[in-house]
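# Descriptive structure summary
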Amino acid sequence: MIYASAPGKLNLFFEVGALRPDGYHSVTSVYQALAIRQTVGVEPSNKWEVITQGDLPQAQLDLVPKDETNLSVVAAKALADFAGISNPQPMRFHTFKQVPVAAGLAGGSADAAAALLALNSAWELGLDDVQLRKVASKVGSDVPFSLLGGTALGLDTGIELEKLSDLPTMQVVLLVSPIGLSTKEVFARFDELFPDGDLVADPADAISGVRAGSKIGKNSLLEPAISLRPELVEFQNLLPGTVGHLSGSGPTIYFVTNSVQQASDWQQQLSDLGHFAIHTTTASHGAEAQ
Ligand code: ATP
């Protein structure tokens, strides 16, 4: 079995443009990798299949598709296509998940990134980082960042990446909302609320604002997400003295601090209130072979 892993992410800053004729949205994203990661092992099989385990509640793991719609399988087929393999060897994927599912934390994208790296080795393709990132961009907007990790500016749909110098490590508490919210639904509401888009900041200002702390948490999708799930406002304000931010299209709300003790206390308070909360940190690693 060949293994690789890739990180979950936050969007520390996320502005979204108007719906484009190709059906996508341009974004200005400051991506940040997290210490929680997905690990994917690959081995040949007589059919495409995915086995999922992890540090997550069973109800979360049950949300992951086990068939060919799983992003690991989608990534494998895109890789085969790129490499000119017309009849790829079906594979079994063993996925160990730390990143919550359908949460705005790029869990599926991290699986896809780890699968690409593992298969590059298993199939002895020898693709370099630039080639792998090209394949990744065909699988999903967040997959190239899942390969890269660290802190990065994402433009176009998020696939055009500029690596930024690492920010000081931050403590992060993730409030994994019990309410579902589909990415498609949030973007559709965004289009109704912002027909001209919401790309306001110059990317350089977005980066300096995040570095200064003042722009952390700006997210064009907050208003549409709240209009669909008003209880998100309550979740943002569950901890006294701080306000949580939405990651990507949500529904995860994240809280940041420099204090390990503070974050540990917040995680405990949210758990005491009956929520599924994870204490993690920001991290500089991208996808890595194991
Ligand atoms: P993003 O932030 O990239 O929009 P997300 O973190 O919100 O993604 P994912 O965990 O990637 O959400 O899951 C979104 C949906 O994708 C799930 O509801 C699931 O049906 C589907 N999916 C496909 N492959 C996977 C995978 N390997 N892991 C998790 N979900 C997957």
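Now for a description of the structure that goes with this document. Model, not experiment: these values are computed from the prediction.

A few words now on the site of the ligand. Near the ligand, the surroundings consist of 20 residues, among which Lys-97, Gly-104, Ala-106, Asp-111 and Asp-142 are the closest. Gly-107 has a polar backbone atom sitting 3.3 Å from an oxygen atom of the ligand. Asp-111 is positioned with one of its side-chain polar atoms (N or O) 2.7 Å from a nitrogen atom of the ligand. Taken together, the residues that form the shell around the ligand break down as nine nonpolar, seven polar and four charged.

So, on to the nonpolar core. Counting residues in hydrophobic clusters, the biggest one holds 32 residues, and the most contacted among them are Leu-79, Phe-93, Leu-116, Leu-119 and Trp-123. Here this core takes nine residues from helix α3 (residues 107-122), the largest share from any one element. Those residues in contact with Trp-123 that sit more than four places away from it in its chain are Trp-48, Ala-76, Leu-79, Ala-80, Ile-85, Pro-88, Gln-89 and Met-91. Judged by nonpolar contacts, the second largest core, of 24 residues, contains Phe-194, Ala-225, Leu-232 and Ala-263.

The next thing to look at is unusual backbone geometry. Excluding glycine, residues mostly carry a negative phi; peptide bonds, for their part, are mostly trans. With an omega of 5 degrees, the peptide bond between Gly-250 and Pro-251 qualifies as cis. Mapped onto the secondary structure, Pro-251 falls in the loop between β9 (245-246) and β10 (253-257). Positioned with a positive phi, Ala-106 is a non-glycine residue whose angle comes to about 60 degrees. Inspection of the secondary structure puts Ala-106 in the loop between β4 (91-97) and α3. Take Ala-106: its relative accessible area is 9%, and that puts it in the buried class.

Below, the discussion takes up the packing of aromatic side chains. For the coordinates displayed, the defined rule picks out four aromatic pairs. Here Trp-48 and Phe-93 contribute two aromatic rings whose centre-to-centre distance is 6.4 Å and whose plane-to-plane angle is 15 degrees, an arrangement assigned as stacked. Here Trp-48, found in the loop between β2 (25-44) and β3 (49-54), pairs with Phe-93, found in strand β4; they are 45 residues apart in sequence, far enough to count as distant. A relative accessible area of 0% means that Phe-93 is categorised as buried.

Looking now at the packing of helix α2 (residues 71-82) against α3. At a minimum axis separation of 8 Å, α2 and α3 run at an interaxial angle of 40 degrees. What the angle tells us is that α2 and α3 run oblique. As α2 runs across α3, the sense of the crossing is right-handed. Between α2 and α3, the residues in contact are Leu-71, Ser-72, Ala-75, Ala-76 and Leu-79 and Gly-108, Ser-109, Asp-111, Ala-112, Ala-115, Leu-116, Leu-119 and Asn-120, respectively. Grouping the amino acids of the contact of α2 with α3 by side-chain chemistry returns eight nonpolar, four polar and one charged.

Moving on: the sheet that holds strand β7 (residues 171-176). A sheet is described by the order of its strands in space; here four strands give the open sequence β9-β10-β7-β11, paired in antiparallel fashion. Of all strands in the sheet, those bounded by a partner on one side alone are β9 and β11 (276-281).

With that settled, consider the packing of α2 against helix α4 (residues 129-139). Contact pair α2 / α4: the axes reach a minimum separation of 9 Å and the direction vectors enclose 130 degrees. The angle between α2 and α4 places the two elements in the oblique class. Judged by the twist between their axes, the crossing of α2 over α4 is right-handed. Contact residues: α2 offers Leu-71, Val-74, Ala-75, Ala-78, Leu-79 and Phe-82, while α4 offers Gln-131, Leu-132, Lys-134, Val-135 and Val-139. Class assignment of the residues belonging to the contact of α2 with α4 gives a composition of nine nonpolar, one polar and one charged.

With five bridges joining them, strand β5 (residues 151-155) and strand β6 (residues 160-164) adopt antiparallel strand pairing. For Leu-153, the partnering residue across the bridge sits in β6 and is Glu-162. Counting the residues that bridge the hairpin from β5 to β6 gives four residues, and of these Asp-156 lies at a positive phi of roughly 55 degrees.

The rules behind these values
Residues numbered from 1 in each chain as written. Predicted model: local features only at pLDDT ≥ 70, side-chain atom pairs only at ≥ 80, totals over all residues. Heavy atoms only, no water. Near = heavy atom within 4 Å. Polar contact = N/O pair within 3.5 Å; in protein donor to acceptor, adjacent residues only side chain to side chain. Nonpolar A, V, L, I, M, F, W, Y, C, P; charged D, E, K, R; others polar. Core = buried A, V, L, I, M, F, W, Y, C linked by side-chain atoms within 4.5 Å. Buried < 20%, exposed > 50% of the residue type's maximum accessible area, 1.4 Å probe, protein only. Helix = DSSP H or I, 4+ residues; strand = E, 2+ residues; numbered from the N terminus. Contact = heavy atoms within 4.5 Å. Phe/Tyr/Trp six-rings, centres within 6.5 Å; stacked < 30°, edge-to-face > 60°. Axes fitted to C-alpha atoms, helices over the stretch in contact; angles between N-to-C directions. Parallel < 35°, antiparallel > 145°, perpendicular 65-115°, else oblique. Left-handed = near helix turned anticlockwise from the far one by under 90°. Pairing = 2+ DSSP bridges.

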